[in-house]
Amino acid sequence: PGSSRALVYDGADLTLEGLDATGRARFTSQGFMPGPVIDTEAVGVAALGDRWYVSARTSAGIAVAVIDDAGRVLGAPVLPESSVEYPTLAAANGRLVLGWARFGGALEVVLGELDRDGVLLRAPTVIGDSQDYNRPLLSFDGTTVRVVLQGYTGQTHVAKSLSTKAVTLNPAQVSVAQRLVTAPGIRP
């Protein structure tokens, strides 16, 4: 209320702009990730109380910057994953989740819960396999994470199918995938 925030991509740097209700800049914060951002198209953003979170694939893994309402970076813990894509965030009812794709030895999509400081609480849960490997799209109500998964084709930004899963956290339970669409050349 009374303010808004914008995330600006500039090459490999991320800039934060805090705007008041009349559109004047309250703060500007540049270069707040601990390493260069590799893919600025695949940055996740979520708000939780008086903090907001920005996830990005950096040279060190997945970084999750924790930022207060005044634009101060409170921390940027790194999840040291070397073969990742599309770190995505969702938050609700005091809980924060991070989903991402792994493309190392196995193609899979995983989901983990973070604490208020952006640190992974426990080992992540695999929610998709090589058929459901790509950018996870998350919605979260504080209990259940609903995920749309894109089937992998080998072509950048092109999915061969979409499916949905529901994930209950701690202990993790993953529903059977519901296939939505099967067609070549889908660009969700």
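Look up: the structure comes first, before these words.
Let me sum up the structure you'll find in this document.

Criteria and thresholds
- Residues numbered from 1 in each chain as written.
- Predicted model: local features only at pLDDT ≥ 70, side-chain atom pairs only at ≥ 80, totals over all residues.
- Heavy atoms only, no water.
- Core = buried A, V, L, I, M, F, W, Y, C linked by side-chain atoms within 4.5 Å.
- Buried < 20%, exposed > 50% of the residue type's maximum accessible area, 1.4 Å probe, protein only.
- Helix = DSSP H or I, 4+ residues; strand = E, 2+ residues; numbered from the N terminus.
- Contact = heavy atoms within 4.5 Å.
- Pairing = 2+ DSSP bridges.
- Axes fitted to C-alpha atoms, helices over the stretch in contact; angles between N-to-C directions.
- Salt bridge = Lys/Arg side-chain N within 4 Å of Asp/Glu carboxyl O.

**Some points on the nonpolar core**
The biggest cluster of nonpolar side chains holds 15 residues, and the ones touching the most others in it are Val 97, Leu 111 and Val 145. Put simply, the parts of the chain that give this core at least two residues each are strand 9 (84–92), strand 10 (95–103), strand 11 (107–114), strand 13 (137–140) and strand 14 (144–152). The element best represented in this core is strand 14, accounting for three residues. If we skip the residues at most four places from it in the chain, Leu 111 touches Val 97, Leu 98, Gly 99, Pro 124, Thr 125, Ile 127, Leu 138, Val 145, Val 167 and Leu 169. By size, the runner-up hydrophobic cluster in this structure holds 14 residues, among which are Leu 48, Tyr 53, Leu 89 and Leu 96.

**Details of the pairing of strand 11**
Counting buried positions along strand 11 yields seven of eight residues, so the element is predominantly enclosed. In this sheet, strand 11 lies alongside strand 10 in antiparallel orientation, the contact comprising eight bridges. In the strand pairing of strand 11, Gly 99 is matched with Leu 111. Bridge count between strand 11 and strand 12 (residues 125–128): three bridges; the pairing is antiparallel. Considered in strand 12, the bridge of Val 110 is made with Val 126.

**Description of the sheet that holds strand 11**
An order of 9-10-11-12 is seen for the four strands of this open sheet, with the pairing classed as antiparallel. Whereas interior strands pair on both sides, the edge strands pair on one side only; in this sheet they are strand 9 and strand 12. Within this sheet the neighbouring strands show an average axis-to-axis angle of 30°, counted without direction.

**Brief notes about the pattern of salt bridges**
Enumeration according to the criterion identifies eight salt bridges in this entry. Residues Glu 113 and Arg 95 are paired through a salt bridge, measuring 2.8 Å at the closest nitrogen-oxygen approach. Pair noted here: Glu 113 is in strand 11 and Arg 95 is in strand 10, with a separation of 18 residues, a long-range link. On the accessibility criterion, Glu 113 (8% relative accessible area) is buried. What you see here is one network of salt bridges that share partners, running through Glu 81, Arg 102 and Glu 108.

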